[in-house]
Amino acid sequence: MNMIDNQRAKEATGHAVAARVGIGGPVGSGKTALIEALIPVLHARGVDLAVVTNDLVTKEDAERLRRSGLIDPQRVAAVEAGACPHTVIREDPTLNIAAGDELEARFPGVELILFESGGDNLASTFSLDLVDWWIFVIDVAGGDDIPRKKGPGTLRCDLLVINKQDLAPHVGVDLPRMLEEARSVRAQRPVILTDARRGDGVGDVADQIMKAVLFR
């Protein structure tokens, strides 16, 4: 169900249908840290949300969020992706769809579900059968050549987040050039710099979600 269908369903039934936003990216890019930073910002804006995490054979990220104190632990579901993290968000997202449906049934007021993919590579993308809109997270420590490699995740996502901007001077990254190249390969579609640990840029990410997904 896409965002237009969500709005139509809400108008037809009088009940909210949760928008679904994917957050993908390579291992260690800061996907979970971004979610931890987004939760209080979105809560402060009155957003009723839940989270589905994906890990290979554990529930590590889900447990981290449940222990964080940022969100009701019951609002965090975990999917074990097995050997191929992209399969359960793209080729066969059945497990994730079911996890989202279960959260919606358990919390009827939920209006936004964040789906965190397992750590993957630059080719990782989300099926639009699963999400309405998705974010791809890269980080400066991975190298300033990532935008030039033009991976599908970088090119196709609705929002590209370049995380750990604070590390740029320590890893020899020309951050303005990396940002310029990212915008160029994405034909000026949205790119945001963040330091998720410190909260820098997180409000801008929330702004994009509010405008593009929740229509506020």
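Under an unreviewed UniProt entry, the chain has the name Urease accessory protein UreG and belongs to Ancylobacter aquaticus. According to UniProt, the comment filed for the chain under the heading Function (unreviewed entry) is "Facilitates the functional incorporation of the urease nickel metallocenter. This process requires GTP hydrolysis, probably effectuated by UreG." In its Subcellular location (unreviewed entry) section, UniProt records this for the chain: "Cytoplasm".

Chemist: Account for the overall build of the chain, naming residues and giving values.
Modeler: Summing up its helical and strand segments, the chain has nine helices and seven strands in all. Taken over the C-alpha trace, the chain has a radius of gyration of 16 Å; the compact-globule value for 216 residues is 17 Å, and the two agree within 12%. Viewed in the frame of its principal axes, the chain has a C-alpha envelope of about 50 × 35 × 35 Å. Per-residue burial for the chain yields a buried fraction of 51% across its 216 residues. As displayed, the chain offers around 9,600 Å² of accessible surface, 51% of which is attributable to carbon and sulfur atoms.

Chemist: Could you give an account of helix α3 (residues 60-67), naming the residues involved and the relevant values?
Modeler: The complete set of buried residues in α3 reads Asp61, Ala62 and Leu65. Summarising the axial view, the buried residues of α3 lie within an arc of 100 degrees, below the 170-degree limit, and thus occupy one face. Tucked into the core, α3 has its buried residues touching α2 (31-44), β2 (49-55), β3 (76-80) and β4 (112-116). Directly after α3, the chain includes Gly69, whose backbone phi takes a positive value near 80 degrees.

Chemist: So, the UniProt feature "domain: CobW/HypB/UreG nucleotide-binding" (unreviewed entry) in the chain: which residues are in play, and what are the values?
Modeler: The UniProt record annotates "domain: CobW/HypB/UreG nucleotide-binding" (unreviewed entry) at residues 21-192. As annotated, residues 21-192 comprises 35% helix and 20% strand, and the C-alpha atoms at either end are separated by 16 Å.

Chemist: Lay out the pairing of strand β5 (residues 133-139) with the relevant residues and their values.
Modeler: Note on strand geometry: in a regular strand, side chains alternate between the two faces of the sheet. Counted residue by residue, β5 has seven buried out of seven residues, so it is predominantly covered. Here β5 shows no split at all, with Trp133, Ile135, Val137 and Asp139 on one side and Trp134, Phe136 and Ile138 on the other all buried. Pairing of strand β1 (residues 19-24) with β5, which is carried by four bridges, proceeds in the parallel orientation. Paired with Ile23 across the bridge in β5 is Ile135. Sheet topology places β5 next to strand β6 (residues 159-163); five bridges connect them, and they run parallel.

Chemist: Account for the nonpolar core, with residues named and values stated.
Modeler: Val52, Ile113 and Ile138 are the most contacted members of the largest nonpolar core, which has 33 residues in total. Among the elements of the structure, β2, β3, α4 (87-91), α5 (94-106), β4, β5, β6 and α8 (175-185) are those that each provide at least two residues to this core. Setting aside residues up to four positions removed in sequence, Ile113 forms contacts with Ala18, Ala19, Arg20, Val21, Ala50, Val52, Gly100, Leu103 and Glu104. Counting residues in each nonpolar core, the second largest holds 31 residues, with Leu38, Leu65, Ile71 and Leu114 among its members.

Chemist: Break down the pattern of salt bridges for me, with residues and values.
Modeler: If you walk through the whole model with that rule in mind, you get 14 salt bridges. For Arg20, the salt bridge goes to Glu104, with nearest N and O atoms at 2.8 Å. Of the two residues, Arg20 sits in strand β1 while Glu104 sits in helix α5, which places them 84 residues apart along the sequence. Considered together, Arg20 and Glu104 belong to a single accessibility category, that of buried residues. A salt bridge links Arg148 to Glu181, with the shortest nitrogen-to-oxygen separation between them at 2.8 Å. Taken together, the positions of Arg148 in helix α6 (residues 146-149) and Glu181 in helix α8 put the pair 33 residues apart, joining distant regions of the chain. The network of salt bridges with common partners includes Arg20, Asp101 and Glu104.

Reading guide: rules and limits
Residues numbered from 1 in each chain as written. Predicted model: local features only at pLDDT ≥ 70, side-chain atom pairs only at ≥ 80, totals over all residues. Heavy atoms only, no water. UniProt positions renumbered as here; feature names shortened; annotations may be inferred. Helix = DSSP H or I, 4+ residues; strand = E, 2+ residues; numbered from the N terminus. Rg over C-alpha atoms; globule rule 2.2 N^0.38 Å. Buried < 20%, exposed > 50% of the residue type's maximum accessible area, 1.4 Å probe, protein only. Areas by Shrake-Rupley, 256 points an atom, 1.4 Å probe, with all protein chains shown as cover. Arc of directions from axis to C-beta. Contact = heavy atoms within 4.5 Å. Pairing = 2+ DSSP bridges. Core = buried A, V, L, I, M, F, W, Y, C linked by side-chain atoms within 4.5 Å. Salt bridge = Lys/Arg side-chain N within 4 Å of Asp/Glu carboxyl O.

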